[in-house]
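For reference, the chains in residue letters:
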Amino acid sequence: MKLSKKIIYLSVFSDFVLFCFSWILAYYLRELLTPHFNFGINPILPYIKSIPIIGLIWIFSLRFTGFYKRKKKKNIIEESVLILKAIILGMLITMSFSFMLKEFSFGRSVVLFFTFINLLFLSFSRFCLRRYERNLRNKKEYAINSIIVGTGEIAVRMMQRMEDDPEIGYTI
């Protein structure tokens, strides 16, 4: 399997697990802070029943915003903008879902906690996945063997770039 496909599958799976975990974490965080609110919190059963739906909503929002499109070099600003777009879209869809289906009446505070937790978890998971991918590329296990035809200035620059930056995934 190509490295890019492997990283995408790993990314989708880890995101789904993180979303499920952060959904329950947001509920318990809100429950912990109940004395600071003027009202109680809904029972946990609707939150547990909705875990797969919430996970799929957020995976969809990441996919829709282009977060899972592979690009060899994605700078941190591009990735942060994609995370923010996906977070905002996911939050809006989750709130709409909660509003339309009254059996899943989620507290707004839980959804907001969930959103901020996801912002932290997604940023951290992207950092970890980038490091993992870099380590695999540096091992040259997934590197693409290539040949440079020619001896001109362009060929020399291309060879230097491939040697200087093993992250692009090519070996000569």
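Since the model is a prediction, treat every value here as computed from it, not as a measurement.

About the cut-offs
Residues numbered from 1 in each chain as written. Predicted model: local features only at pLDDT ≥ 70, side-chain atom pairs only at ≥ 80, totals over all residues. Heavy atoms only, no water. Patch = residues over 30% accessible without salt bridge, like charges linked within 9 Å, V, L, I, M, F, W, Y side chains within 5 Å. Areas by Shrake-Rupley, 256 points an atom, 1.4 Å probe, with all protein chains shown as cover. Salt bridge = Lys/Arg side-chain N within 4 Å of Asp/Glu carboxyl O. Helix = DSSP H or I, 4+ residues; strand = E, 2+ residues; numbered from the N terminus. Buried < 20%, exposed > 50% of the residue type's maximum accessible area, 1.4 Å probe, protein only. Polar contact = N/O pair within 3.5 Å; in protein donor to acceptor, adjacent residues only side chain to side chain. Contact = heavy atoms within 4.5 Å. pLDDT = per-residue confidence, 0-100. Phe/Tyr/Trp six-rings, centres within 6.5 Å; stacked < 30°, edge-to-face > 60°.

Undergrad: Sorry, what's going on with a nonpolar patch on the surface here?
TA: A grouping of Ile 76, Ile 77 and Val 81 is seen on the molecular surface, where their side chains present a nonpolar patch of about 300 Å² in accessible area. With respect to the helices and strands, the residue Ile 76 is situated in helix H4 (residues 76–100). By relative accessible area, which is 55% here, Ile 76 ends up exposed.

Undergrad: Is there a simple way to think about the side chain of Thr 94 in this case?
TA: Mapped onto the secondary structure, Thr 94 falls in helix H4. The class for Thr 94 is buried, based on a relative accessible area of 0%. Here the side chain of Thr 94 touches Gly 90 through a polar contact of 2.7 Å, landing on its backbone oxygen. Not counting chain neighbours up to four residues away, the residues in contact with Thr 94 comprise Trp 23, Ile 54, Ile 57, Trp 58 and Val 111.

Undergrad: Explain the confidence of the model for the protein chain here, please?
TA: In low-pLDDT segments, the atomic positions of the prediction should not be examined closely. On average, residues of the protein chain score 82 in pLDDT, and 90% of them are at 70 or above. The secondary structure element of the protein chain with the lowest average pLDDT is strand E2 (residues 170–171), at 74, and the one with the highest is helix H3 (residues 51–64), at 88.

Undergrad: It is not clear to me how the packing of aromatic side chains should be interpreted in this structure. Could you clarify?
TA: Aromatic ring pairs are defined here through the distance separating the ring centres and the angle between the ring planes. Taken as a whole and judged by the stated rule, the model has 9 aromatic pairs. On the basis of an interplanar angle of 80 degrees and a centroid distance of 4.9 Å, the ring pair of Trp 23 and Phe 114 is categorised as edge-to-face. Linking Trp 23 in helix H1 (residues 3–32) with Phe 114 in helix H5 (residues 108–138), this pair joins segments that are 91 residues apart in sequence. Considered together, Trp 23 and Phe 114 belong to a single accessibility category, that of buried residues. Joined through ring pairs, the aromatic side chains of Phe 19, Trp 23, Tyr 27, Tyr 28, Tyr 47, Trp 58 and Phe 114 make up one cluster.

Undergrad: Hey, could you run me through the side chain of Ser 125 in this one?
TA: Mapped onto the elements, Ser 125 comes out in helix H5. Judged by relative accessible area, which is 8%, Ser 125 ranks as buried.

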